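Tertiary structure, described
Below are the chains, spelled out letter by letter.
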Amino acid sequence: MHRRFANALVNNEFVLYYQPVVDLRTGEIIGCEALCRWPHRDNSFTPPDTFIPQAEASGFIVQLGEWVLRTATEQVRAWQKRFSATILLEVNLSARQFVHYNLVRSIEAILESVQYKADLLEFEITETVAMTNADDSIGIMRQLKNLGIGLALDDFGTGYSSLSHLKRFPIDKLKIDKSFVRDIPNDGNDLAIVSAIIAMAHALGLNVQAEGVETAAQSEFLRECECELAQGFLFGRPLPPSEFEEFFDRYRKGGLVFKS
Ligand code: C2E
Ligand code: MG
Ligand code: MG
(Lines give C-alpha, C1' and ligand atoms only; values in the text may rest on other atoms or scores of the structure.)
(Ligands and ions follow the chains in the order given, each with its own letter.)
Protein backbone atom coordinates (compact mmCIF):
# COMPACT_ATOMS: atom_id res chain seq x y z
CA MET A 1 0.00 0.00 0.00
CA HIS A 2 2.77 2.38 1.00
CA ARG A 3 4.39 1.87 -2.40
CA ARG A 4 1.13 2.51 -4.26
CA PHE A 5 0.72 5.75 -2.36
CA ALA A 6 4.32 6.79 -2.91
CA ASN A 7 3.94 6.16 -6.66
CA ALA A 8 0.71 8.14 -6.71
CA LEU A 9 2.43 11.08 -5.04
CA VAL A 10 5.38 10.99 -7.46
CA ASN A 11 2.95 10.78 -10.38
CA ASN A 12 1.01 13.78 -9.12
CA GLU A 13 -2.20 11.82 -8.74
CA PHE A 14 -3.45 13.52 -5.58
CA VAL A 15 -5.46 16.70 -5.96
CA LEU A 16 -6.72 19.23 -3.44
CA TYR A 17 -10.24 20.58 -3.58
CA TYR A 18 -11.24 23.74 -1.72
CA GLN A 19 -14.56 24.31 0.00
CA PRO A 20 -15.65 27.86 0.89
CA VAL A 21 -16.21 28.83 4.53
CA VAL A 22 -18.83 31.52 5.11
CA ASP A 23 -19.31 33.97 7.98
CA LEU A 24 -23.02 33.61 8.78
CA ARG A 25 -23.15 37.10 10.32
CA THR A 26 -21.93 38.96 7.24
CA GLY A 27 -22.37 36.50 4.37
CA GLU A 28 -18.65 36.86 3.57
CA ILE A 29 -16.43 34.02 2.39
CA ILE A 30 -13.63 34.13 4.94
CA GLY A 31 -11.66 31.11 3.84
CA CYS A 32 -11.64 27.55 2.58
CA GLU A 33 -10.98 24.01 3.77
CA ALA A 34 -8.49 21.99 1.71
CA LEU A 35 -9.80 18.45 1.06
CA CYS A 36 -7.67 15.79 -0.56
CA ARG A 37 -8.90 13.77 -3.56
CA TRP A 38 -7.40 10.74 -5.29
CA PRO A 39 -8.86 10.36 -8.77
CA HIS A 40 -7.59 7.34 -10.75
CA ARG A 41 -6.77 7.17 -14.44
CA ASP A 42 -9.74 4.89 -15.12
CA ASN A 43 -12.10 7.61 -13.84
CA SER A 44 -12.73 5.73 -10.62
CA PHE A 45 -12.13 7.52 -7.40
CA THR A 46 -11.17 6.48 -3.84
CA PRO A 47 -12.92 8.72 -1.28
CA PRO A 48 -10.77 10.31 1.47
CA ASP A 49 -12.69 8.42 4.16
CA THR A 50 -11.13 5.29 2.60
CA PHE A 51 -7.63 6.36 1.55
CA ILE A 52 -6.79 8.68 4.48
CA PRO A 53 -7.16 5.83 7.03
CA GLN A 54 -5.08 3.58 4.72
CA ALA A 55 -2.41 6.24 4.40
CA GLU A 56 -2.55 6.63 8.15
CA ALA A 57 -2.11 2.88 8.74
CA SER A 58 0.84 2.63 6.35
CA GLY A 59 2.56 5.72 7.73
CA PHE A 60 2.39 7.42 4.33
CA ILE A 61 0.11 10.11 5.79
CA VAL A 62 3.18 12.02 6.99
CA GLN A 63 4.48 12.51 3.45
CA LEU A 64 0.99 13.11 2.08
CA GLY A 65 0.31 15.64 4.82
CA GLU A 66 3.45 17.59 3.92
CA TRP A 67 2.38 17.61 0.28
CA VAL A 68 -1.11 18.80 1.28
CA LEU A 69 0.25 21.64 3.42
CA ARG A 70 2.76 22.80 0.83
CA THR A 71 0.30 22.62 -2.06
CA ALA A 72 -2.54 24.31 -0.16
CA THR A 73 -0.41 27.14 1.25
CA GLU A 74 1.09 27.83 -2.19
CA GLN A 75 -2.37 27.89 -3.74
CA VAL A 76 -4.06 30.01 -1.10
CA ARG A 77 -1.15 32.44 -0.98
CA ALA A 78 -1.56 32.94 -4.72
CA TRP A 79 -5.28 33.69 -4.20
CA GLN A 80 -4.54 36.04 -1.30
CA LYS A 81 -2.31 38.00 -3.66
CA ARG A 82 -4.55 37.84 -6.70
CA PHE A 83 -7.65 39.00 -4.78
CA SER A 84 -5.83 41.12 -2.14
CA ALA A 85 -7.96 39.25 0.37
CA THR A 86 -7.35 37.63 3.73
CA ILE A 87 -8.33 34.04 2.96
CA LEU A 88 -8.10 31.60 5.88
CA LEU A 89 -6.86 28.12 4.99
CA GLU A 90 -8.14 25.15 6.99
CA VAL A 91 -6.11 21.93 6.79
CA ASN A 92 -6.91 18.53 8.35
CA LEU A 93 -4.31 16.75 10.48
CA SER A 94 -4.76 13.06 11.21
CA ALA A 95 -3.65 11.22 14.36
CA ARG A 96 -0.30 10.00 13.09
CA GLN A 97 0.63 13.39 11.67
CA PHE A 98 -0.34 15.11 14.89
CA VAL A 99 1.98 13.01 17.07
CA HIS A 100 4.86 12.77 14.57
CA TYR A 101 8.07 13.97 16.22
CA ASN A 102 8.94 16.23 13.29
CA LEU A 103 5.48 17.85 12.88
CA VAL A 104 6.23 21.32 14.16
CA ARG A 105 9.61 21.63 12.44
CA SER A 106 8.23 20.43 9.13
CA ILE A 107 5.30 22.88 9.30
CA GLU A 108 7.64 25.71 10.16
CA ALA A 109 9.90 24.85 7.22
CA ILE A 110 6.98 24.73 4.77
CA LEU A 111 5.50 28.05 5.94
CA GLU A 112 8.94 29.62 5.70
CA SER A 113 9.63 28.38 2.19
CA VAL A 114 6.16 29.28 0.89
CA GLN A 115 6.26 32.59 2.80
CA TYR A 116 2.79 31.84 4.11
CA LYS A 117 1.46 33.83 7.07
CA ALA A 118 0.73 31.47 9.97
CA ASP A 119 -2.25 33.47 11.20
CA LEU A 120 -4.10 32.63 7.98
CA LEU A 121 -3.70 28.91 8.63
CA GLU A 122 -5.81 26.70 10.88
CA PHE A 123 -5.33 23.00 11.60
CA GLU A 124 -8.24 20.69 12.28
CA ILE A 125 -7.86 17.66 14.50
CA THR A 126 -10.64 15.43 15.75
CA GLU A 127 -11.52 15.43 19.42
CA THR A 128 -10.54 11.76 19.74
CA VAL A 129 -7.04 12.54 18.47
CA ALA A 130 -6.74 15.48 20.85
CA MET A 131 -8.12 13.57 23.85
CA THR A 132 -5.76 10.59 23.44
CA ASN A 133 -2.78 11.58 25.59
CA ALA A 134 -4.29 14.96 26.39
CA ASP A 135 -1.14 16.26 28.08
CA ASP A 136 1.01 15.51 25.02
CA SER A 137 -1.67 17.03 22.79
CA ILE A 138 -1.66 20.25 24.79
CA GLY A 139 2.11 20.46 24.37
CA ILE A 140 1.89 20.02 20.59
CA MET A 141 -1.03 22.46 20.35
CA ARG A 142 0.93 25.08 22.29
CA GLN A 143 3.85 24.76 19.88
CA LEU A 144 1.50 25.24 16.92
CA LYS A 145 -0.18 28.20 18.63
CA ASN A 146 3.29 29.70 19.26
CA LEU A 147 3.87 29.67 15.52
CA GLY A 148 0.67 31.72 15.19
CA ILE A 149 -1.45 28.92 13.72
CA GLY A 150 -5.15 28.53 14.65
CA LEU A 151 -6.59 25.24 15.93
CA ALA A 152 -10.03 23.68 15.54
CA LEU A 153 -11.60 20.48 16.85
CA ASP A 154 -13.18 18.73 13.86
CA ASP A 155 -16.30 16.50 13.86
CA PHE A 156 -17.10 17.74 17.34
CA GLY A 157 -19.66 15.64 19.18
CA THR A 158 -18.95 12.34 17.39
CA GLY A 159 -15.81 11.21 19.18
CA TYR A 160 -14.61 10.57 22.64
CA SER A 161 -14.64 13.85 24.49
CA SER A 162 -13.81 14.94 28.00
CA LEU A 163 -15.00 18.38 28.99
CA SER A 164 -12.26 18.69 31.60
CA HIS A 165 -9.68 18.23 28.84
CA LEU A 166 -11.58 20.44 26.42
CA LYS A 167 -11.27 23.48 28.63
CA ARG A 168 -7.47 23.01 28.83
CA PHE A 169 -6.88 22.83 25.08
CA PRO A 170 -5.49 26.02 23.52
CA ILE A 171 -7.97 25.83 20.63
CA ASP A 172 -9.86 28.55 18.79
CA LYS A 173 -12.84 26.77 17.32
CA LEU A 174 -15.23 23.81 17.47
CA LYS A 175 -16.53 22.37 14.23
CA ILE A 176 -19.98 20.84 14.64
CA ASP A 177 -20.16 17.52 12.82
CA LYS A 178 -22.45 17.33 9.83
CA SER A 179 -24.43 14.45 11.35
CA PHE A 180 -25.99 16.93 13.82
CA VAL A 181 -26.72 19.49 11.10
CA ARG A 182 -28.34 17.08 8.65
CA ASP A 183 -31.76 16.81 10.31
CA ILE A 184 -32.19 20.46 11.29
CA PRO A 185 -34.90 21.75 11.66
CA ASN A 186 -36.92 18.52 11.91
CA ASP A 187 -35.13 16.62 14.65
CA GLY A 188 -35.70 18.21 18.05
CA ASN A 189 -32.76 16.37 19.60
CA ASP A 190 -30.37 17.72 16.98
CA LEU A 191 -31.70 21.25 17.52
CA ALA A 192 -31.01 20.86 21.24
CA ILE A 193 -27.54 19.36 20.69
CA VAL A 194 -26.47 21.99 18.16
CA SER A 195 -27.65 24.95 20.23
CA ALA A 196 -26.03 23.45 23.35
CA ILE A 197 -22.68 22.93 21.57
CA ILE A 198 -22.76 26.52 20.35
CA ALA A 199 -23.62 27.90 23.81
CA MET A 200 -20.90 25.80 25.44
CA ALA A 201 -18.30 26.84 22.87
CA HIS A 202 -19.13 30.51 23.39
CA ALA A 203 -18.96 30.13 27.16
CA LEU A 204 -15.45 28.68 26.68
CA GLY A 205 -14.51 31.60 24.43
CA LEU A 206 -14.44 29.49 21.23
CA ASN A 207 -15.86 30.16 17.78
CA VAL A 208 -18.13 27.63 16.12
CA GLN A 209 -18.18 26.40 12.53
CA ALA A 210 -20.97 24.12 11.30
CA GLU A 211 -20.26 21.51 8.60
CA GLY A 212 -22.65 20.04 6.09
CA VAL A 213 -25.01 23.01 5.77
CA GLU A 214 -27.19 22.12 2.80
CA THR A 215 -30.41 24.11 3.28
CA ALA A 216 -31.46 27.69 4.02
CA ALA A 217 -33.41 26.44 7.07
CA GLN A 218 -30.23 24.93 8.54
CA SER A 219 -28.29 28.11 7.90
CA GLU A 220 -31.06 30.22 9.44
CA PHE A 221 -31.23 28.07 12.59
CA LEU A 222 -27.45 28.22 13.01
CA ARG A 223 -27.47 31.99 12.56
CA GLU A 224 -30.17 32.34 15.22
CA CYS A 225 -27.99 30.30 17.60
CA GLU A 226 -25.15 32.74 16.81
CA CYS A 227 -22.97 30.15 15.11
CA GLU A 228 -20.24 32.26 13.49
CA LEU A 229 -19.11 30.16 10.54
CA ALA A 230 -20.42 27.47 8.21
CA GLN A 231 -19.52 25.35 5.22
CA GLY A 232 -21.69 23.11 3.10
CA PHE A 233 -23.26 22.51 -0.27
CA LEU A 234 -25.67 25.45 0.31
CA PHE A 235 -22.72 27.84 -0.05
CA GLY A 236 -20.38 25.77 -2.20
CA ARG A 237 -19.11 22.24 -2.74
CA PRO A 238 -15.43 21.41 -2.50
CA LEU A 239 -14.03 22.60 -5.86
CA PRO A 240 -10.83 21.98 -7.81
CA PRO A 241 -8.49 25.01 -7.73
CA SER A 242 -9.50 26.62 -11.04
CA GLU A 243 -13.20 26.35 -10.16
CA PHE A 244 -12.70 27.69 -6.64
CA GLU A 245 -10.84 30.64 -8.15
CA GLU A 246 -13.73 31.39 -10.53
CA PHE A 247 -16.18 30.99 -7.67
CA PHE A 248 -14.22 33.41 -5.49
CA ASP A 249 -13.88 35.88 -8.33
CA ARG A 250 -17.63 35.82 -8.92
CA TYR A 251 -18.23 36.33 -5.20
CA ARG A 252 -15.79 39.29 -5.06
CA LYS A 253 -17.60 40.92 -7.96
CA GLY A 254 -20.88 40.67 -6.05
CA GLY A 255 -22.26 37.83 -8.14
CA LEU A 256 -22.83 35.49 -5.19
CA VAL A 257 -24.77 36.46 -2.07
CA PHE A 258 -24.85 34.26 1.03
CA LYS A 259 -26.68 36.49 3.45
CA SER A 260 -30.05 35.15 4.56
P1 C2E B 1 -13.80 16.61 7.33
O2 C2E B 1 -12.52 17.29 7.61
O3 C2E B 1 -14.82 16.60 8.42
O4 C2E B 1 -14.37 17.31 6.03
C5 C2E B 1 -15.72 17.61 5.80
C6 C2E B 1 -16.35 16.62 4.86
O7 C2E B 1 -17.71 16.98 4.62
C8 C2E B 1 -15.71 16.58 3.47
O9 C2E B 1 -15.74 15.22 3.04
C10 C2E B 1 -16.66 17.44 2.63
O11 C2E B 1 -16.62 17.15 1.26
C12 C2E B 1 -17.98 17.05 3.24
N13 C2E B 1 -19.01 18.07 3.04
C14 C2E B 1 -18.86 19.39 2.92
N15 C2E B 1 -20.05 20.02 2.81
C16 C2E B 1 -20.99 19.06 2.85
C17 C2E B 1 -22.43 19.08 2.79
O18 C2E B 1 -23.08 20.11 2.68
N19 C2E B 1 -23.05 17.87 2.89
C20 C2E B 1 -22.38 16.70 3.04
N21 C2E B 1 -23.07 15.58 3.12
N22 C2E B 1 -21.01 16.65 3.10
C23 C2E B 1 -20.33 17.82 3.01
P24 C2E B 1 -14.52 14.57 2.23
O25 C2E B 1 -13.93 15.61 1.34
O26 C2E B 1 -15.03 13.32 1.65
O27 C2E B 1 -13.47 14.25 3.37
C28 C2E B 1 -13.74 13.30 4.36
C29 C2E B 1 -12.72 13.35 5.46
O30 C2E B 1 -11.44 12.93 5.00
C31 C2E B 1 -12.50 14.75 6.02
O32 C2E B 1 -13.56 15.07 6.91
C33 C2E B 1 -11.17 14.57 6.70
O34 C2E B 1 -11.31 13.96 7.95
C35 C2E B 1 -10.46 13.60 5.77
N36 C2E B 1 -9.56 14.36 4.88
C37 C2E B 1 -9.80 14.95 3.69
N38 C2E B 1 -8.69 15.55 3.21
C39 C2E B 1 -7.71 15.34 4.12
C40 C2E B 1 -6.32 15.72 4.21
O41 C2E B 1 -5.77 16.43 3.36
N42 C2E B 1 -5.63 15.29 5.33
C43 C2E B 1 -6.22 14.55 6.31
N44 C2E B 1 -5.49 14.17 7.36
N45 C2E B 1 -7.53 14.19 6.26
C46 C2E B 1 -8.26 14.58 5.18
MG1 MG C 1 -12.07 19.05 8.42
MG1 MG D 1 -15.47 17.43 9.91
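See the structure shown above.
Report on the accompanying structure. (Residues numbered from 1 in each chain as written. Chains lettered and ligands numbered in written order. Predicted model: local features only at pLDDT ≥ 70, side-chain atom pairs only at ≥ 80, totals over all residues. Heavy atoms only, no water.)

Moving on, we get to the coordination of the magnesium ion (ligand 2). Those protein atoms acting as donors to the magnesium ion (ligand 2) are Glu33 (OE), Asn92 (OD1), Glu124 (OE) and Asp154 (OD), and they sit at 1.9 to 2.2 Å. Along the chain, the residues donating to the magnesium ion (ligand 2) are arranged with the sequence spacing E-x58-N-x31-E-x29-D. Taken as a pair, the magnesium ion (ligand 2) and the magnesium ion (ligand 3) lie 4.1 Å from each other and share aspartate 154 as a ligand. In this pair, glutamate 33 is assigned in strand E2 (residues 29–39) and aspartate 154 in strand E6 (residues 150–156), connecting sequence segments 121 residues apart. There is no split in this pair, since glutamate 33 and aspartate 154 are both buried. (Donors = N, O, S within 2.8 Å, 3.2 Å for Na, K, Ca; no water. Helix = DSSP H or I, 4+ residues; strand = E, 2+ residues; numbered from the N terminus. Buried < 20%, exposed > 50% of the residue type's maximum accessible area, 1.4 Å probe, protein only.)

Moving on, we get to the site of ligand 1. The environment of ligand 1 is formed by 24 residues, the closest being Gln19, Arg37, Asn92, Glu214 and Phe233. Interatomic distance of 2.9 Å between a side-chain N/O atom of glutamine 19 and a nitrogen atom of ligand 1. Expressed as a share of its isolated accessible area of 800 Å², the protein-covered part of ligand 1 is 85%. Elements with a contribution of two residues or more to the shell around ligand 1: E2, helix H2 (48–58) and E6. Examining the composition of the shell around ligand 1, we find that 4 residues originate from one element, E2, more than from any other. In the shell around ligand 1, the residues fall into 9 nonpolar, 6 polar and 9 charged. (Near = heavy atom within 4 Å. Polar contact = N/O pair within 3.5 Å; in protein donor to acceptor, adjacent residues only side chain to side chain. Areas by Shrake-Rupley, 256 points an atom, 1.4 Å probe, with all protein chains shown as cover. Nonpolar A, V, L, I, M, F, W, Y, C, P; charged D, E, K, R; others polar.)

This part covers the coordination of the magnesium ion (ligand 3). In a perfect tetrahedron of four donors around a metal, the angles come out at 109.5 degrees. In a perfect octahedron of six, they are 90 or 180 degrees. Every protein donor of the magnesium ion (ligand 3) is listed here as Asp154 (OD), Asp155 (OD) and Glu211 (OE), and their distances to the metal cover 1.7 to 2.3 Å. Look at where the donors of the magnesium ion (ligand 3) fall in the sequence and you get D-D-x55-E. The class of aspartate 155 is partly exposed, set by a relative accessible area of 23%.

Quick look at helix H11 (residues 216–224) now. Taken as a whole, H11 has its buried residues at Gln218, Ser219, Phe221 and Leu222. An end-on view of H11 places all buried positions within 165° of arc, on one side of the element. Structural note: H11 exposes Ala216 and Glu224 on the side pointing more than 90 degrees away from its buried face. Of the surrounding secondary structure, the elements contacted by the buried residues of H11 are helix H9 (178–181), helix H10 (188–203) and strand E8 (207–210). Backbone geometry just downstream of H11 places glutamate 226 in the positive-phi region, at approximately 65°. (Arc of directions from axis to C-beta. Contact = heavy atoms within 4.5 Å.)

Before going further, it helps to spend a moment on the packing of aromatic side chains. Under the defined criterion, the tally for this structure stands at 17 aromatic pairs. Between phenylalanine 248 and tyrosine 251, the aromatic rings sit 5.5 Å apart at their centres with planes inclined by 55°, giving tilted as the arrangement. Linking phenylalanine 248 with tyrosine 251, this pair stays in helix H12 (residues 241–252), spanning 3 residues, or about one helical turn. Exposure remark for tyrosine 251: the relative accessible area of 14% places this residue in the buried category. One aromatic cluster is present, formed by Tyr18, Trp79, Phe83, Phe235, Phe244, Phe247, Phe248, Tyr251 and Phe258 through successive ring pairs. Across from the ring centre of tyrosine 17, 5.3 Å away, lies the NZ or CZ of arginine 37, which sits over that ring. Taking the ring centre of phenylalanine 233 as reference, the NZ or CZ of arginine 237 above it sits at 3.8 Å. (Phe/Tyr/Trp six-rings, centres within 6.5 Å; stacked < 30°, edge-to-face > 60°. Lys NZ or Arg CZ within 6 Å of the ring centre and 35° of its normal.)

Here we come to the state of the cysteines. For the structure on display, the rule yields 0 disulfides. With no disulfide of its own, cysteine 32 lies 14 Å from the sulfur of cysteine 36, the closest cysteine sulfur. On the basis of relative accessible area, cysteine 32 is assigned to the buried category, the value being 0%. (Disulfide = S-S within 2.5 Å.)

A cis amide bond links isoleucine 184 to the next residue, proline 185, at an omega of 0°. Mapping proline 185 onto the fold places it in the loop between H9 and H10. Backbone geometry at glutamine 115 places phi at a positive 60°, although glycine is not the residue there. Relative to the helices and strands, glutamine 115 resides in the loop between helix H5 (103–114) and strand E5 (121–126).

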